Amino acid sequence: AHGGAGRVRLVSAVVLVVLGAAMLACAVALGLKTQGNPLGPLAIGLLGGAVSFAGVLLSAVFWVPPVVRGVQRGIAGLGPVPRLAGANTVRNPQRTAATSTALLIGVTLVVMMSTGAASARASLTNALDEHYPVDIVVKPSAPGAPATVTLPTGLASDIAAIDGVSDVLPLRSAYLQVGVPGGPATIVTRALAPADAAAVMRDPAVARALADDAILVPDAWQAVSGTVPVSPVADDRSFPADATTLHPVPVTGLTDALVTPATMDRIAPDAPQDALYVSLASGADAADVLRQVQDTLGSANFLAVGPGAMRAQYDRVIGVMLEVVVGLLGVAVLIALLGVTNTLSLSVIERRRESATLRAIGLTRGALRGTLAVEGVLIAAVGAVLGSVFGLLYGWAGAATVLGEVGGFVPAVSWRDLALVLVVALGAGLLASVLPARSAARTPPVAALAEE
């Protein structure tokens, strides 16, 4: 890129990058604030991403060669073979830029999808943890059951024996009335110790908030503050003179109230065990475990509820996305093989006399092959690393735009996928050097020097 055409290209690329980045930032901001249909922010984000990436590709001829030269200076001290390979790589900067950019496109797409899927899983898991702090709750199916129904003997151990269940915690429950503005409100209240909460609750805030002077209530009770009287439900809806006074603590996701066992002993010492909190082992199929728990209940007057089915559905969707990533990775590898092989083949043809001279003064066939191998890996590494950086940025931006409505975007990286992409790309660069290196090594120095 030289002269007027180069300046026009540079200005056009800068305009595209700035405009696209601004649109992408606007889409992310709208997505994080939008509670509802994310199609508007998504459309802006897609357009902004396409425009900005077009600018990145258009400007690659300006910034990829300096990056390659920087890497070449970094490996120059590793020995004569890396030094020679680095010098050869920067001889034709435009061709090297074009080859690295072709790989950059594929890697960016793969890493973007992988990062988006990882961020989606983390964000949706975080949202489910906030709105459903327990994996599975087993509770009476009939209204008024906390006063009359107890857990069947052996039910807790039967559920604990199900494959995929990590912890099962029986809880005592009672109907309690809480003094709130407008009159006493009745709510099912369960006794849960802080140590047990840390084991079965997904939200660690629950364990931190549980105390003998507190009652944890659903977040719909945000208006209730200070201290309130709490007592068993009375026929006249009045509070006894010695009613226990507690601090209400609203917690997102709770449908029942929670107190410590000591507090339950003071308010309702005869409260029966009528509920189970069930936590799942890591990697368990949530929908399958929930179905087995429901089967275990049989005809008992209990039901099992939890976000397991929703979590499983999200995992299936994300699993499909990751399968697409595997296919895209195959395309990226093919691009790397073809592009790097072509570049190295042209390099071998152009440097036949030079290679012959080096062979004549003592460079071995193995060293010549090593030079081309390092050259191929260097070209692939630049494209793979830069593509990974762009893929992470675009993946996070897309996930934030789409997932803003769930109430909390959590950026995440699939390190396994990222490492796999880099290893495959570097392996492709190494593999691409095999045929050109064989051709260069087989050519006798005398024959190459005799060519005009």
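The structure displayed is predicted, hence computed values, not measured ones.

Novice: An account of the overall build of the chain is requested, with residue identities and associated values reported.
Specialist: Scanning the chain for helices and strands turns up 15 helices and nine strands. Relative to its full complement of 452 residues, the chain shows a buried share of 45%. Here the contacts in the chain between residues at least 6 apart in sequence split such that 82% fall between residues at least 24 apart. Carbon and sulfur atoms make up 64% of the accessible area of the chain, which amounts to about 20900 Å² in all.

Novice: If you had to explain the pairing of strand E1 (residues 136-140) to someone new, which residues and values would you point to?
Specialist: Of all five residues that make up E1, four are buried, and the element is covered over most of its length. Pairing geometry for E1 and strand E8 (residues 273-280), over three bridges, is antiparallel. Each residue of the ladder has a partner; that of isoleucine 136, found in E8, is valine 278.

Novice: An account of the side chain of threonine 108 is requested, with residue identities and associated values reported.
Specialist: Inspection of the secondary structure assignment puts threonine 108 in helix H4 (residues 93-131). Excluding residues that lie within four positions of it along the chain, threonine 108 makes contacts with Phe53, Gly387, Phe390, Gly391 and Tyr394.

Novice: A description of helix H9 (residues 286-297) should follow, citing residues and the corresponding values.
Specialist: For an α-helix the count is 3.6 residues per turn, leaving residues at separations of three or four pointing the same way. For H9, spanning 12 residues, the distance from its first C-alpha to its last is 17 Å, which sits close to the expected 16 Å at 1.5 Å a residue. Buried within H9 we find Ala286, Val289, Leu290, Val293 and Leu297. Relative to the axis of H9, the buried residues are bounded by an arc of 100° and lie together on one face. Glycine 298 occupies a position one or two residues after H9 and carries a positive phi of about 60°.

Novice: Can you lay out the environment of isoleucine 162 for me, pointing to particular residues and giving the numbers?
Specialist: With respect to the secondary-structure elements, isoleucine 162 resides in the loop between helix H5 (155-160) and strand E2 (165-180). Owing to a relative accessible area of 8%, isoleucine 162 belongs among the buried residues under this scheme. Along the backbone, isoleucine 162 and valine 289 are 127 residues apart, and their C-alpha atoms lie at a distance of 7.3 Å. The residues contacting isoleucine 162, other than those within four sequence positions of it, are Val289, Gln292, Val293 and Thr296.

Novice: Lay out the nonpolar core in plain terms, naming residues and giving numbers.
Specialist: Val178, Ile215, Trp221, Val230 and Met264 are the most contacted members of the largest nonpolar core, which totals 20 residues. Looking at this core, the elements that each hand over two or more residues are E2, strand E3 (183-191), strand E4 (214-218), strand E5 (228-232), strand E7 (257-259) and helix H8 (261-267). Counting residues per element, this core draws most heavily on E2, which supplies four residues. Ranked by size, the runner-up nonpolar core spans 18 residues in total, among them Ile136, Val138, Leu155 and Val293.

Novice: Please give an account of the packing of helix H2 (residues 39-75) against helix H12 (residues 365-403) that cites residues and values.
Specialist: It is the contact of H2 with H12, at a shortest axis distance of 10 Å, that shows an interaxial angle of 155°. With respect to each other, H2 and H12 are oriented roughly antiparallel. When you trace H2 past H12, the crossing you get is right-handed. Of the residues in H12, those touching H2 at Pro41, Leu42, Gly49, Ser52, Phe53, Val56, Trp63, Val64, Val67, Val68, Val71 and Ile75 are Val374, Leu378, Val382, Leu386, Phe390, Tyr394, Thr401 and Val402. A breakdown of the residues in the contact of H2 with H12 according to their chemical character gives 17 nonpolar, three polar and no charged.

Novice: Let's hear about the pattern of salt bridges: which residues, and what values?
Specialist: Applying the stated criterion across every chain, the model contains five salt bridges. As a salt-bridge pair, aspartate 288 and arginine 291 come within 2.7 Å of each other at their nearest N and O atoms. Separated by three residues within a single helix, aspartate 288 and arginine 291 lie in helix H9, roughly one turn from each other. When its relative accessible area of 43% is taken as the criterion, arginine 291 is described as partly exposed. A salt bridge links aspartate 417 to arginine 416; the nearest nitrogen and oxygen atoms lie 3.5 Å apart.

Novice: So what about the side chain of aspartate 417? Which residues, and what values?
Specialist: As for its placement among the helices and strands, aspartate 417 is situated in helix H13 (residues 415-432). Within the structure, aspartate 417 has its side chain in polar contact with the side chain of serine 414 (distance 2.9 Å). In contact with aspartate 417, other than residues within four places in its own chain, are Ser114 and Leu322.

Novice: Which residues make up a nonpolar patch on the surface, and what are the values?
Specialist: On the surface, a nonpolar cluster with roughly 240 Å² of combined accessible area is contributed by Leu10, Val14 and Val18. Within the secondary structure layout, leucine 10 lies in helix H1 (residues 3-33). We classify leucine 10 as partly exposed; its relative accessible area is 36%.

Novice: Hey, could you go over the packing of helix H3 (residues 80-89) against H12 for me, with residue numbers and the actual values?
Specialist: For the pair H3 and H12, interaxial distance at closest approach is 8 Å and the crossing angle is 55°. Comparing their axes, H12 and H3 come out oblique. H3 and H12 meet at a crossing whose hand is right-handed. Contact residues: Val81, Pro82, Leu84, Ala85, Gly86, Asn88 and Thr89 in H3; Ala367, Gly370, Thr371, Val374, Glu375, Leu378 and Ile379 in H12.

Novice: Summarise the pairing of strand E9 (residues 302-305); cite the residues concerned and give the values.
Specialist: Along any regular strand the residues' side chains alternate between the sheet's two faces. Only one face of E9 is buried: it carries Phe302 and Ala304, and the other face, with Leu303 and Val305, is open. Pairing geometry for E1 and E9, over four bridges, is antiparallel. Along E9, the bridge assignment pairs valine 138 with alanine 304.

Novice: Provide a residue-level description of the confidence of the model for the chain, including the pertinent values.
Specialist: Looking at the chain as a whole, the pLDDT averages 81, with 83% of positions reaching at least 70. Confidence, expressed as mean pLDDT per element, reaches its minimum in the chain at helix H15 (residues 445-450) with 52 and its maximum at H8 with 94.

Here is what the cut-offs are and how they apply
- Residues numbered from 1 in each chain as written.
- Predicted model: local features only at pLDDT ≥ 70, side-chain atom pairs only at ≥ 80, totals over all residues.
- Heavy atoms only, no water.
- Helix = DSSP H or I, 4+ residues; strand = E, 2+ residues; numbered from the N terminus.
- Buried < 20%, exposed > 50% of the residue type's maximum accessible area, 1.4 Å probe, protein only.
- Contact = heavy atoms within 4.5 Å.
- Areas by Shrake-Rupley, 256 points an atom, 1.4 Å probe, with all protein chains shown as cover.
- Pairing = 2+ DSSP bridges.
- Expected span 1.5 Å × (residues − 1).
- Arc of directions from axis to C-beta.
- Core = buried A, V, L, I, M, F, W, Y, C linked by side-chain atoms within 4.5 Å.
- Axes fitted to C-alpha atoms, helices over the stretch in contact; angles between N-to-C directions.
- Parallel < 35°, antiparallel > 145°, perpendicular 65-115°, else oblique.
- Left-handed = near helix turned anticlockwise from the far one by under 90°.
- Nonpolar A, V, L, I, M, F, W, Y, C, P; charged D, E, K, R; others polar.
- Salt bridge = Lys/Arg side-chain N within 4 Å of Asp/Glu carboxyl O.
- Polar contact = N/O pair within 3.5 Å; in protein donor to acceptor, adjacent residues only side chain to side chain.
- Patch = residues over 30% accessible without salt bridge, like charges linked within 9 Å, V, L, I, M, F, W, Y side chains within 5 Å.
- pLDDT = per-residue confidence, 0-100.

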